[in-house]
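Topology and contacts: notes
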Amino acid sequence: QNDVKSDLEIAQAAQLKHINDIATKLGVAVDDLEHYGKYKAKLPLHLIDPEKVKKNKLILVTAITPTPPGEGKTTTSIGLTEGLNRIGKKATVVLREPSLGPVFGIKGGAAGGGYSQVVPMEDINLHFTGDFSAIEKANNLLAALIDNNIYFQKESLGIDPRTVKWKRVMDMNDRSLRSMITGLGGRAGGNPREAGFNITAASEIMAILCLAESFQDLKTKLGNIYVGDTYDNKPIYCRDLKAQGAMAALLKDAIKPNLVQTLEGNPAIIHGGPFANIAQGTNSVLATKLGLSLSDYVVTEAGFGADLGAEKFLDIKCGYSGLSPSAVVIVATVRALKYHGGQDLKTLTTPNLESLKAGFANLEKHLENIALYGLPAVVSINRFTSDSDEELAFLKQACEALGAKVALSEGWAKGGEGTKELAQAVVDTVANFHGRYTPVYDWNSDIKKKVEAVAKKVYGAGSVVFQAKALADIKHIEGLGLGHLPICIAKTQKSFSDNEALIGRPTGFELTVREFEIAAGAGFLVPITGAIMRLPGLPAVPAALHIDIDDEGVISGLS
Ligand SMILES: Nc1ncnc2c1ncn2[C@@H]1O[C@H](COP(=O)(O)OP(=O)(O)O)[C@@H](O)[C@H]1O
Ligand SMILES: O=COP(=O)(O)O
Ligand SMILES: [Mg+2]
């Protein structure tokens, strides 16, 4: 029962199994592992078995529109996996890797919480196995090669520096790096041009790593990265700079998914870490297919609310990989629904049936959206200690009144013991579903139509406004022959709309597309809406200030 211990204290008190035992549980030969110490290992891609991938069952965990700390998708994914194993099912949880941005910023880590965590949580939340560092280097190698090509006129491809969109990345919420002038210092310093950084989670290399299905596919995708144009308006791709080989070499190990464990010694595969507001928010196809090759059930998650992570999981990740979930778990919390009912963030631990009733509309819309995809949903009420019995009873009854399957989940407080009801509900739902998801739009339809389809059907918008820059970008994209690509909308996670103040279930609003970014390597277009930033900033009091390490090397303050 979790009453006072912190996530870190619970994780540090856990008795971890050697990673060899976890591999054995999965039927993986120990010699197939590439060990990173006793508790982490990388899995080889040859373990993927297409037949098993088709036969075994994928469960997607998503959530209602979250409050800033998040409503418990990662925690519930882990807790549900523990519960499935407790009722005798072979289940593996497949997650994204945490980013240091939130770890040192507001949200903290992404290794779950309470008695539903993956371990070793300090490693997983900090450097893990170095994948983010490798992604950063591959991304920044391309940036250096672009500027180098502009610098050496005789080798130059004639790139017009004013058209180069490729940003450098760093895994840190450092707003001061968002935009800058590089190349200062005269002839030795290069060619001055506008440049800047995105957070690593928003790097196109991250997206490519999450969608690539082989080394060859990785290199092809890297080569297809659109860099900018020449002075006579010819497009330049990464392959024109011959950069993709060295970039792929840097990703030699990062392309392999990571194996760790849950607190109850069940397998966890963690790989890739894009955010779902500014990127596609899904872990890698390779990790998901490895999980399905090695276990009967895979529980996986996609970032933020279902209007972001789940939409992109289905329309982009499933669209490319052929995967399709057999059930969708929508994590709902009393606290977030009260926020959507107008209750102040600071008072959400105070019971209030009125705001809960008013905010329920947010969950209703997410349920409608999962039905729109043609998939069965199970609502998981992620119980917080501050939830009153009346609030929980109302929420369960309101879901049942809609005909939705619903289960109370106490994975944070009790681990797998607290999620057996949810696990059974998911198993029953999976057993009764034999279909596939229905995409929201046809990739081959007009770019504006694709954006309007997601905005109107999934977000509830009344109309979409494409600003002048966005219209020019559409022409440019069509000129490059890339109009057929799926879209990955960059939008705030705080609202169905692009205005974070519109809580609950806003309808008929206008979605504004400022511009498009082109991820020709990953294979999607990024409509940028509202005021979304691709390099977040740190808060006034960053979480980093509470993190420390003692003389024995024991970390404290990591959440
Ligand atoms: N039932 C719960 N009670 C208390 N804290 C929780 C509960 N579920 C999740 N948390 C905490 O809330 C934060 C968000 O959980 P997380 O699983 O990361 O959400 P998401 O993946 O949806 O962003 C984490 O700090 C986690 O420890
Ligand atoms: O991309 C965001 O992911 P979480 O919702 O899991 O924080
Ligand atoms: Mg998460």
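Now for a description of the structure that goes with this document. (Residues numbered from 1 in each chain as written. Chains lettered and ligands numbered in written order. Predicted model: local features only at pLDDT ≥ 70, side-chain atom pairs only at ≥ 80, totals over all residues. Heavy atoms only, no water.)

**A few points about a negative patch on the surface**
Taken together, the side chains of Asp548, Asp550, Asp551 and Glu552 define an acidic patch exposed on the protein surface. Within the secondary structure, Asp550 is located in the loop between strand E22 (548-549) and strand E23 (555-556). (Patch = residues over 30% accessible without salt bridge, like charges linked within 9 Å, V, L, I, M, F, W, Y side chains within 5 Å. Areas by Shrake-Rupley, 256 points an atom, 1.4 Å probe, with all protein chains shown as cover. Salt bridge = Lys/Arg side-chain N within 4 Å of Asp/Glu carboxyl O. Lys, Arg positive; Asp, Glu negative; His and termini not counted. Charge placed at Lys NZ, Arg CZ, Asp CG, Glu CD. Helix = DSSP H or I, 4+ residues; strand = E, 2+ residues; numbered from the N terminus.)

**Thoughts on the site of ligand 2**
Around ligand 2 sit Lys73, Thr74, Arg96, Lys107, Phe275, Ala276, Gly303 and Phe304, and those are all the residues in its vicinity. Interatomic distance of 2.7 Å between a side-chain N/O atom of Lys73 and an oxygen atom of ligand 2. Here an oxygen atom of ligand 2 sits 2.7 Å away from a polar atom, N or O, in the main chain of Phe304. Burial of ligand 2 by the surrounding chains reaches 88%, relative to a free accessible area of 240 Å². When the residues that make up the shell around ligand 2 are grouped by side-chain class, the tally is three nonpolar, two polar and three charged. (Near = heavy atom within 4 Å. Polar contact = N/O pair within 3.5 Å; in protein donor to acceptor, adjacent residues only side chain to side chain. Nonpolar A, V, L, I, M, F, W, Y, C, P; charged D, E, K, R; others polar.)

**Quick notes on the packing of aromatic side chains**
Going through the model one piece at a time under the given rule, you end up with four aromatic pairs. The interplanar angle of 80° and the centroid separation of 6.3 Å between the aromatic rings of Phe360 and Phe394 together place this pair among those described as edge-to-face. Linking Phe360 in helix H14 (residues 353-372) with Phe394 in helix H15 (residues 389-401), this pair joins segments that are 34 residues apart in sequence. Directly above the aromatic system of Tyr237 lies the positively charged group of Arg239, at a separation of 4.5 Å from the ring centroid. (Phe/Tyr/Trp six-rings, centres within 6.5 Å; stacked < 30°, edge-to-face > 60°. Lys NZ or Arg CZ within 6 Å of the ring centre and 35° of its normal.)

**Topic: the nonpolar core**
Counting residues in hydrophobic clusters, the biggest one holds 85 residues, and the most contacted among them are Leu259, Leu363, Val379, Tyr459 and Phe516. If one sorts the elements of this core by residue count, helix H18 (residues 447-459) sits on top with seven residues. Leaving out residues up to four positions away in the same chain, Phe516 has contacts with Ile447, Val451, Phe466, Ala470, Asp473, Ile474, Ile477, Leu525, Val526 and Pro527. (Core = buried A, V, L, I, M, F, W, Y, C linked by side-chain atoms within 4.5 Å. Buried < 20%, exposed > 50% of the residue type's maximum accessible area, 1.4 Å probe, protein only. Contact = heavy atoms within 4.5 Å.)

**Points about the site of ligand 1**
Contacts to ligand 1 come from 15 residues, most closely from Lys73, Thr75, Lys107, Asn382 and Arg383. Between an oxygen atom of ligand 1 and a main-chain N or O atom of Gly72, the distance comes to 3.0 Å. One nitrogen or oxygen atom from the side chain of Thr75 is found 2.7 Å from an oxygen atom belonging to ligand 1. Within the complex, 88% of the 560 Å² of free accessible area of ligand 1 lies under protein. Among the elements of the structure, helix H4 (73-86) and strand E5 (112-113) are those that each provide at least two residues to the shell around ligand 1. For the shell around ligand 1, the leading source of residues is H4, giving three residues.

**Observations regarding the sheet that holds strand E21 (residues 524-529)**
Read from one edge to the other, the open sheet built from three strands follows the order E19-E20-E21, with strand pairing classed as mixed. A strand with exactly one partner marks an edge of an open sheet, and here the two such strands are strand E19 (463-466) and E21. Strand-to-strand twist of the sheet, defined as the mean angle between neighbouring strand axes without regard to direction, takes the value 45°. Pairing between strand E20 (residues 510-519) and E21: six bridges, direction antiparallel. What sits directly across from Glu517, in E21, is Val526. Where helix H19 (residues 468-479) meets the sheet, its contacts fall on E19, E20 and E21, and the angle it forms with E20 comes to roughly 40°. (Pairing = 2+ DSSP bridges. Axes fitted to C-alpha atoms, helices over the stretch in contact; angles between N-to-C directions.)

**Overview of the pairing of strand E13 (residues 258-262)**
Of all the five residues making up E13, five are buried; the element is thus mostly covered by neighbouring parts of the structure. Bridging between strand E2 (residues 41-42) and E13 involves two bridges; their strand directions are antiparallel. The residue of E13 that forms the bridge with Ala41 is Leu259. Pairing of strand E6 (residues 116-119) with E13 involves two bridges; the strand directions are antiparallel. Of the residues in E13, the one forming a bridge with Val119 is Gln261. As judged from the four bridges shared by E13 and strand E14 (residues 267-270), these two strands associate in the antiparallel manner.

**Points about the pattern of salt bridges**
All chains considered together, the criterion is met by 30 salt bridges. Between Asp160 and Arg162 there is a salt bridge; the shortest N-O distance is 2.8 Å. Taking the relative accessible area as the measure of exposure, Arg162 reaches 71% and is therefore exposed. Across the salt bridge formed by Lys338 and Glu391, the nearest N and O atoms sit 2.8 Å from each other. Linking Lys338 in helix H13 (residues 334-340) with Glu391 in helix H15, this pair joins segments that are 53 residues apart in sequence. Look at Lys338 and you get buried, because its relative accessible area is 1%. On the basis of relative accessible area, Glu391 is assigned to the buried category, the value being 1%. Connected via shared salt-bridge partners are Glu34, Lys252, Asp253 and Lys256.

**Details of the pairing of strand E11 (residues 226-229)**
Two strands pair when backbone bridges link them, and E11 and strand E12 (residues 235-237) are joined in this way by three bridges, in the antiparallel orientation. Counterpart to Tyr226 in the pairing with E12 is Tyr237. Hairpin connection, E11 to E12: the antiparallel pair is bridged by five residues, and Asn233 has positive phi, about 60°.

**Quick look at the environment of Gly483**
Mapped onto the elements, Gly483 comes out in the loop between H19 and E20. Under the relative-accessibility criterion, Gly483 is labelled buried at 18%. Residues Gly483 and Leu525 lie 42 residues apart in sequence; the distance between their C-alpha atoms is 8.4 Å. For Gly483, the contacting residues outside a window of four places in its chain are Trp443, Ser445, Ile447, Lys450 and Ile477.

**Some words on helix H11 (residues 285-294)**
Most of H11 sits out of view: ten of its ten residues are buried. Among the residues of H11, Val285, Leu286, Ala287, Thr288, Lys289, Leu290, Gly291, Leu292, Ser293 and Leu294 are the ones counted as buried.

**Overview of the environment of Ser99**
With respect to the helices, strands and loops of the structure, Ser99 is situated in the loop between strand E4 (91-95) and helix H5 (100-103). When the C-alpha atoms of Ser99 and Leu211 are compared, they prove to be 18 Å apart, with 112 residues separating the residues in sequence. Aside from chain neighbours lying at most four places away, what touches Ser99 is Phe132, Asp171, Ile199 and Phe275. Only 3.0 Å separates the side chain of Ser99 from the backbone nitrogen of Gly101, close enough to count as a polar contact. Engagement of the side chain of Ser99 in a polar contact is seen with the side chain of Asp171, the distance being 2.7 Å.

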